[in-house]
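The chain contents come next:
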Amino acid sequence: MNKFLIVDDSSSARYLLKSYLSRFGECHEAEHGRDGVKMFGKALLDGVPYNLVVMDIMMPKMDGHMAVAKLRELEAKAGAPEPVRVVMLSSLDDPRNMLRAQFESGSDLYLTKPVEFQTLKEMLVSFGLVDEPALPVKPFGDEV
């Protein structure tokens, strides 16, 4: 079973992402980068790492760029056989943040908010986390 970590300071963004991603695996949430890094590290130590991390960029306490860099450091120290897939998610659509997310921070993909279910589903298929055809799209609100 897939295990996803959603890190975003917006409770509504976390709710929406969880409603989409919970169809494909177990979802855990963190309100800011620092908590996300702690949860990620604990999962690595416990031997049940995340398959995917969805990380907002602009957050208090620790932004997404710093948090993803810390995730990559934790993976290296733990000798993780395969790096976790990381998607940076932001309302910022400027090229500077996109390039920084993918080439400096170590993310695999950059998506702008608001993200749609179909986009996330296609991303999961491309990462090999779900097979095609995926679950049928349900109307928003049927996820609980």
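You'll find the structure just up there.
Calculation notes
Residues numbered from 1 in each chain as written. Predicted model: local features only at pLDDT ≥ 70, side-chain atom pairs only at ≥ 80, totals over all residues. Heavy atoms only, no water. Helix = DSSP H or I, 4+ residues; strand = E, 2+ residues; numbered from the N terminus. Buried < 20%, exposed > 50% of the residue type's maximum accessible area, 1.4 Å probe, protein only. Contact = heavy atoms within 4.5 Å. Pairing = 2+ DSSP bridges. Right-handed = clockwise from strand over helix to strand, strands pointing away. Salt bridge = Lys/Arg side-chain N within 4 Å of Asp/Glu carboxyl O. Phe/Tyr/Trp six-rings, centres within 6.5 Å; stacked < 30°, edge-to-face > 60°. Lys NZ or Arg CZ within 6 Å of the ring centre and 35° of its normal.

> Can you help me understand unusual backbone geometry in this one?
Peptide bonds are trans in most cases, and residues, glycine excluded, mostly fall at negative phi. Look at the link from Lys113 to Pro114: it is a cis peptide, with omega at -5°. Mapping Pro114 onto the fold places it in the loop between β5 (109-112) and α5 (117-126).

> Quick question: what am I supposed to make of the environment of Tyr50 here?
Counting through the fold element by element, Tyr50 comes out in the loop between α2 (33-45) and β3 (52-56). When its relative accessible area of 6% is taken as the criterion, Tyr50 is described as buried. Each C-alpha atom of the pair Tyr50 and Val86 lies 9.9 Å from the other, and the pair is 36 residues apart in sequence. The contact partners of Tyr50, leaving out residues within four places of it in the chain, are Lys3, Phe4, Leu5, His28, Met39, Phe40, Ala43 and Val84.

> Please clarify how the pairing of strand β2 (residues 25-30) should be interpreted in this entry.
Bridging between strand β1 (residues 2-7) and β2 involves six bridges; their strand directions are parallel. Looking at β2, one finds that Phe4 is bridged to Cys27. For the segment spanning β1, helix α1 (residues 11-21) and β2, crossover handedness is right-handed.

> For this particular structure, what's the right way to read the pattern of salt bridges?
If the charged atoms of two oppositely charged side chains come close together, the side chains can form a pair. Going through the model one piece at a time under the given rule, you end up with eight salt bridges. Two residues, Arg72 and Asp108, come together in a salt bridge whose shortest N-O distance is 3.6 Å. Of this pair, Arg72 sits in helix α3 (residues 64-78) while Asp108 sits in the loop between α4 (95-104) and β5; the two residues are 36 residues apart in sequence, bridging distant segments of the chain. Exposure remark for Asp108: the relative accessible area of 29% places this residue in the partly exposed category. In the salt-bridge network here, residues are joined through shared partners; they are Arg72, Glu75, Arg85 and Asp108.

> In this structure, what is going on with the packing of aromatic side chains? I would like to understand it.
The way to describe two aromatic rings as a pair is by their centre distance and the angle between their planes. Scanning all chains against the criterion turns up three aromatic pairs. Seen from their ring centres, Tyr20 and Phe117 are 5.5 Å apart, and the 70° between their planes marks the pair as edge-to-face. Taken together, the positions of Tyr20 in helix α1 and Phe117 in helix α5 put the pair 97 residues apart, joining distant regions of the chain. Note on Tyr20: relative accessible area 13%, which makes it buried. Using a relative accessible area of 7% as the deciding quantity, one classes Phe117 as buried. With a centroid separation of 6.5 Å and an interplanar angle of 15°, the aromatic rings of Phe40 and Tyr50 are classed as stacked. Of this pair, Phe40 sits in helix α2 while Tyr50 sits in the loop between α2 and β3; the two residues are 10 residues apart in sequence, bridging distant segments of the chain. A residue is classified by how much of its surface remains accessible, and Phe40, at 2% relative accessible area, is buried. Put simply, the rings of Tyr20, Phe24 and Phe117 touch in pairs and so form one group of aromatic residues. Its end group placed over the ring of Tyr50, Lys3 keeps NZ or CZ at 4.7 Å from the ring centre.

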